[in-house]
Amino acid sequence: MSKYRSVLRSGILLFFLWHVCAFAHKPSDSYLTLSVANVDSEPTVLHQATIKGQWDIALRDLDYAIGLDEDANSEINWQEVLIKQKDINAYAFARLSIRGNHVLCPITPTQTLIDHHTDGAYAVLKFTASCQTTVSNLSLRYTLFSELDPSHRGLLRLEYEGFNKTAIFGPENRLQSFVLGNVSHFGEFKEYLVDGIWHIWKGYDHILFLLSLLLPAVLVRTSKGWQPAENFKPTIIEVLKVVTAFTVAHSITLTLATLQLVALPSRWVEAAIAFSVVLAALNNVFPVVVKYRWLVAFSFGLIHGFGFSAVLADLGLRGGSLALALIGFNLGVEIGQIGILSLYVPISYAMRRTKIYKYVVFYVGSMLIVCVAGAWLVERVFNIELFSSTKGDERVDQLQVI
Amino acid sequence: MLKNLTGYLLWAALVQAAYAAPYIPGSPNQVLEKLPATTDASIQRFKSLRSRLASDPNNIELAVKLTKLYIEQSRDEGDPRYLGYAQAALAPWWELDQPPIDILVLRATLLQSTHQFDESLADLNRVLKLDRANGQAWLTRATILQVQGKYAEALQSCEQLYALTSELVTLTCSLNVRNLNGRAKDSYQELKVALEQTPDTDPNIQIWVLTLLAEMAERLGDVVAAEKHFENAINLGDPDSYLLGVYSDFLLEQHRPQEVLSLLKAKTTIDPLLLRYAEALNAMHLPESQVQIEELRNRFDAAMMRGDTVHQREQSRFELRLMHNPVRALEIAKLNWAIQKEPADARVYLEAALASSDKYAAVPLIGWLEAHHLEDAILKKMIDHHKGAI
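Novice: So, the overall build of chain A: which residues are in play, and what are the values?
Specialist: Within chain A one finds 13 helices and 13 strands. Here chain A, with 402 residues, has 38% of them falling under the buried criterion. If you take every contact in chain A between residues at least 6 apart in sequence, the share linking residues at least 24 apart comes to 72%.

Encoded structure:
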């Protein structure tokens, strides 16, 4: 019992029993907004970049750091803030430094205002920082309250030429650098790239078209029908020819359509894409074109390009340049294609001598593709739904769970 | 309907005004912020300790004293800023692999309170390696393991308490774990008897035990008994926010939102309680619910901006019940479930899974509940009700 008391006397035993912490508010944060404007180089202008800043710091935190509550009545009024305005600025700006291309940009406080965030009143410090050179690399050092409250975070929003970037400063990341200009463009480019990859993986019609053309790549057409290819060289040459032709073709029409030089009604484009899949798969079962499959890939690739352009238009051009979007998206589509090929080619090559490949994969597979694409064709021509793609997705989900 | 709409528009305008642009206050005497009302004595105590520690930052005794004060303060005021101050007091030892035992226990507490459970457990294990008689470390360890759903290990930790603290605390620790782990009925009865046999217990411990008894009774489906335990706990005075939270959940479950409003009226600065308050307003179709929903959204947004995940259980409920966004709710509930696995976490997860079109989302959860023999009338009702759908 005495031991029990001694544990209790530590005063926090019960605190540990309550695992659910029901806190009033979040821990301490400050909100820092920087808006960078590079001035076009004019010899008359002394500085080359102006940064406008706003820094919201909680009055409670400032009180804890430098004491605002002069009359100790547990309330902070506007007068108390005004009296300590200089101290607040001195304290805060000693803990923030801004460098443009490694040169310090001196900060000048311009105004103190008040605002309210979810956990109370904040002093709003407005300021400008002037940099000697045009800024392409901005580095910030943030140490506000770091010695008083390690759980404090500085939440930065950086604005530059209409782009926003956010970052969090804390004890583990006091110093952070931002590349202006290229950062946002690269981010945008990457997004389009990812969209492109996704589109080729999720747009079954493009995959099926490519597969239909590639199913015979590991086989050779002889007088005795389809025979397995003797070695890898003709196979890989055939694959490269087909894929390159498809890529060149859809890149041409994707560009033309995105630049709005050519426009086709999307329903007919979609129907033509379905039709191309039907023809490509039928050609395996009842061969008509054997030698020049790359030509088929090229001519129908032109139509698929229009399909891609519709997707790109749906994604919307997010403020940035058109070329960036086009190249990013197209590159994404190619990466997606290469991913599919690097799975398909080795497997089909290894299987090419088996009966399963010839009869099940090649013939039955081709016929299945004909059926699926035929259904799409009917859907798209008559604008009806035989099976919706969402149902397809649901089926996939169920399989994964089971 | 029209009245509701005007009411809503009015409230929306007020909320908008509250988050308007920065301004210059109209008068020098305008009060901008109320600081936590602490007595002069306690302010003086903090101030003198702070300045003494500032001049002697490596003084363990001072640091431990100040840290404990801050942790207590954070609990009393429900303000996590004090946990940051506490961490600052431990700065010279914070990054060390093997700080002194007293510091380790406090560091574990701070890590635990920001849901860094594994890091906290690592510290507690370091403590227990050196001092197997550290009751505090065993108890905190048991609590974390129970929250993580590691019942066997939690029970082992509880059993270590026998020689170190009162029988009631030890029993409560282990019976609470057993209760979640297939022994719902026996453990409830046993704990009830244990409390009855120790009437002169410290009221704080009584509140703790009564709250757990109420939760156990509710999980067993005995609404009358649960209500009685809750009332007894509340009547002991000064209910903490955990008790208020679970009691409000009980009342909401019983479709008694009116009582939640009067219970929590003065407690809405505390996020999880504001959530219950807003749910009650919403259940009664009061226009004020829109203001509180907006306020909650701002608070969750602010927490997200700083990368906080401490309130994911509440955030998931908020998305599900007040924003009607089951997909997002499920996403958050899954993240939360990866960290903590209490019945309340399972309820949010299951509710979100059943409300979303992803019928199979609940399958792994139900599997877990069955494997761990967690008995809960509310969970069972939800599962039975949707059995056809799953």
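Novice: Break down the nonpolar core for me, citing the residues and quoting the values.
Specialist: By size, the foremost hydrophobic cluster in this structure holds 99 residues, and its most contacted members are Ala86, Ala89, Leu213 and Tyr349 of chain B. Among the elements that take part in this core, helix α12 (residues 203-220) of chain B stands out by supplying nine residues, more than any other. Apart from residues lying up to four places away in sequence, Ala86 of chain B is in contact with Thr67, Tyr70, Ile71 and Leu110 of chain B. One finds Ala217, Ile273, Leu326 and Ala373 of chain A within the second-largest nonpolar core, a separate group that totals 53 residues.

Novice: Explain the pairing of strand β13 (residues 225-228) of chain A residue by residue, including any values.
Specialist: All names here are of chain A. Bridge analysis of strand β12 (residues 219-222) against β13 gives four bridges, and the strand direction is antiparallel. Bridge pairing in β13 places Leu219 opposite Pro228. Following β12, the chain reverses through two residues before pairing antiparallel with β13.

Novice: So what about the confidence of the model for chain B? Which residues, and what values?
Specialist: Averaged over all residues, the pLDDT of chain B is 89; the fraction at 70 or higher stands at 93%. Overall fold confidence (pTM) sits at 0.67, and the ipTM for the predicted complex is 0.81.

Novice: Give me the sheet that holds strand β2 (residues 49-58) of chain A: which residues, what numbers.
Specialist: Residue and element names in this part refer to chain A. Strands sit in the order β6-β7-β2-β1-β9-β10 across an open sheet of six strands; the sheet is mixed. Only two strands of the sheet have a single partner each, and these edge strands are β6 (107-117) and β10 (163-169). Ignoring which end each strand starts from, the neighbouring axes of this sheet average 20° apart. In this structure, β6 lies alongside strand β7 (residues 120-131), joined through ten bridges in antiparallel fashion. The residue of β7 that forms the bridge with Asp115 is Tyr122.

Conventions and cut-offs
Residues numbered from 1 in each chain as written. Chains lettered and ligands numbered in written order. Predicted model: local features only at pLDDT ≥ 70, side-chain atom pairs only at ≥ 80, totals over all residues. Helix = DSSP H or I, 4+ residues; strand = E, 2+ residues; numbered from the N terminus. Buried ≥ 20, exposed ≤ 12 C-beta atoms within 10 Å, placed from the backbone. Contact = placed C-beta atoms within 7 Å. Core = buried A, V, L, I, M, F, W, Y, C linked by C-beta atoms within 7 Å. Pairing = 2+ DSSP bridges. pLDDT = per-residue confidence, 0-100. Axes fitted to C-alpha atoms, helices over the stretch in contact; angles between N-to-C directions.

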